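Observations on the three-dimensional arrangement
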Amino acid sequence: GAGVSQSPSNKVTEKGKDVELRCDPISGHTALYWYRQRLGQGLEFLIYFQGNSAPDKSGLPSDRFSAERTGESVSTLTIQRTQQEDSAVYLCASSWNARRGTGELFFGEGSRLTVL
Amino acid sequence: AQSVTQPDIHITVSEGASLELRCNYSYGATPYLFWYVQSPGQGLQLLLKYFSGDTLVQVIKGFEAEFKRSQSSFNLRKPSVHWSDAAEYFCAVSFNDYKLSFGAGTTVTVRA
């Protein structure tokens, strides 16, 4: 597709289970971001990938959170031993090389995670 | 710490009336400034951006934004809203155009 694709769109899980969220960026975009949006709050930066550079993981809230990206393609955000406070919409975005680009991020529609 | 404040959580406006969405940031220098919009069922989309130069950002879809350095503000305005403008609007800032910091968003409801 032409846009950023995320799956699943909705995920309900039980506390303590692991979840994987997938992001397929726009072809040719070298930069990929994960953000988290809790109800009534702004977007919270989680992690940033740029080409083959080491990712910026400074926003990951705990060691239960991890993300991988294969080259300049798909990324997976994994949350282990989910907690109720992990309930949120997880947004993925991609862009051209951010250091030379316009700062415009293209967002997916998000994956809504509910932890019971 | 870097922060972006959108003081209004929810604004209701009549169709045809004017709209102003406020955004304030706290940084030491002038950042890159953005407004994103999230319409129901759609992902966030860039509406406006400001990097440097004129304080009034070009009009897009009838929207304009004014950067005021003295007030550390980047308010979004539209003279006459349409029902299709109902959405959530996010202000965002960046120093190096790679990591954006977002405000909490303002939900705009348009009544007939």
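As a starting point, this report considers the structure included with it. Because the structure is a prediction, the values reported are computed rather than measured.

**Brief notes about the overall build of chain B**
When you go through chain B residue by residue, the secondary structure sums to zero helices and 12 strands. Sequence-ordered secondary structure for chain B, helices as α and strands as β, is β-β-β-β-β-β-β-β-β-β-β-β. Of all 112 residues assigned to chain B, the portion counted as buried reaches 46%. A total of about 5400 Å² of accessible surface is found on chain B, and carbon and sulfur atoms cover 48% of it.

**A word on the overall build of chain A**
For chain A, the count of helices and strands is zero helices and 10 strands. When the helices and strands of chain A are placed in sequence order, the string is β-β-β-β-β-β-β-β-β-β. For chain A, the C-alpha radius of gyration of 13 Å lies close to 13 Å, the compact-globule estimate for 116 residues. Taken along the three principal axes of its C-alpha coordinates, chain A extends 40 × 25 × 25 Å. Of the contacts formed within chain A by residues at least 6 apart in sequence, a portion of 56% connects residues at least 24 apart. Entry remark: accessible area of chain A is about 5800 Å², with carbon and sulfur atoms responsible for 44%. The centroid of the 13 positive side-chain charges in chain A is displaced by 2 Å from the centroid of its 13 negative side-chain charges.

**Side note on the nonpolar core**
Counting residues in hydrophobic clusters, the biggest one holds 26 residues, and the most contacted among them are L19(B), L21(B), W35(B), L47(B), L76(B) and Y89(B). Mapped by element, the contributors of at least two residues to this core are β2 (10-14), β3 (19-21), β5 (32-38), β6 (45-50), β8 (63-68), β9 (73-78), β10 (87-94) and β12 (106-111) of chain B. Here this core takes four residues from β10(B), the largest share from any one element. C23(A), I26(A), I47(A) and F49(A) belong to the second largest nonpolar core, which has 20 residues in total.

**Some points on the interface of chain A and chain B**
Facing 22 residues of chain A, the contacting portion of chain B comprises 20 residues. Note on chain A versus chain B: buried area summed over both sides is about 1600 Å², and carbon and sulfur give 52% of it. On the surface where chain A and chain B come into contact, there are zero salt bridges. Counting every contact that joins chain A to chain B gives two residue pairs in polar contact (both at pLDDT 80 or more). Elements represented by at least two residues in the side of chain A that touches chain B include exactly β4 (31-37) and β5 (43-50) of chain A. Class assignment for the residues of the side of chain A that touches chain B results in nine nonpolar, nine polar and four charged.

**Some points on the state of the cysteines**
Among covalent bonds in proteins, the disulfide is the one between the sulfur atoms of two cysteines. Enumeration over the complete set of coordinates arrives at two disulfides over all chains. Two residues, C23(A) and C92(A), share a disulfide whose sulfurs are 1.9 Å apart. Classification of the bridge connecting C23(A) and C92(A) rests on its S-S torsion, roughly -70°, and on that basis the disulfide is left-handed. You can see C23(A) sitting in strand β3 (residues 19-24) and its partner C92(A) sitting in strand β8 (residues 88-95), a full 69 residues away along the chain. The disulfide partner of C23(B) is C91(B), and the gap between their sulfur atoms is 1.9 Å. Across the disulfide from C23(B) to C91(B), rotation about the S-S bond amounts to roughly -65°, and the bridge is consequently left-handed. Here C23(B) is found in the loop between β3 and β4 (24-26), whereas its partner C91(B) is found in strand β10, with 68 residues between them in sequence. With relative accessibility at 0%, the residue C91(B) sits in the buried group.

Basis of the calculations
Residues numbered from 1 in each chain as written. Chains lettered and ligands numbered in written order. Predicted model: local features only at pLDDT ≥ 70, side-chain atom pairs only at ≥ 80, totals over all residues. Heavy atoms only, no water. Helix = DSSP H or I, 4+ residues; strand = E, 2+ residues; numbered from the N terminus. Buried < 20%, exposed > 50% of the residue type's maximum accessible area, 1.4 Å probe, protein only. Areas by Shrake-Rupley, 256 points an atom, 1.4 Å probe, with all protein chains shown as cover. Rg over C-alpha atoms; globule rule 2.2 N^0.38 Å. Contact = heavy atoms within 4.5 Å. Lys, Arg positive; Asp, Glu negative; His and termini not counted. Charge placed at Lys NZ, Arg CZ, Asp CG, Glu CD. Core = buried A, V, L, I, M, F, W, Y, C linked by side-chain atoms within 4.5 Å. Buried area = accessible area lost by both parts, 1.4 Å probe. Salt bridge = Lys/Arg side-chain N within 4 Å of Asp/Glu carboxyl O. Polar contact = N/O pair within 3.5 Å; in protein donor to acceptor, adjacent residues only side chain to side chain. Nonpolar A, V, L, I, M, F, W, Y, C, P; charged D, E, K, R; others polar. Disulfide = S-S within 2.5 Å.

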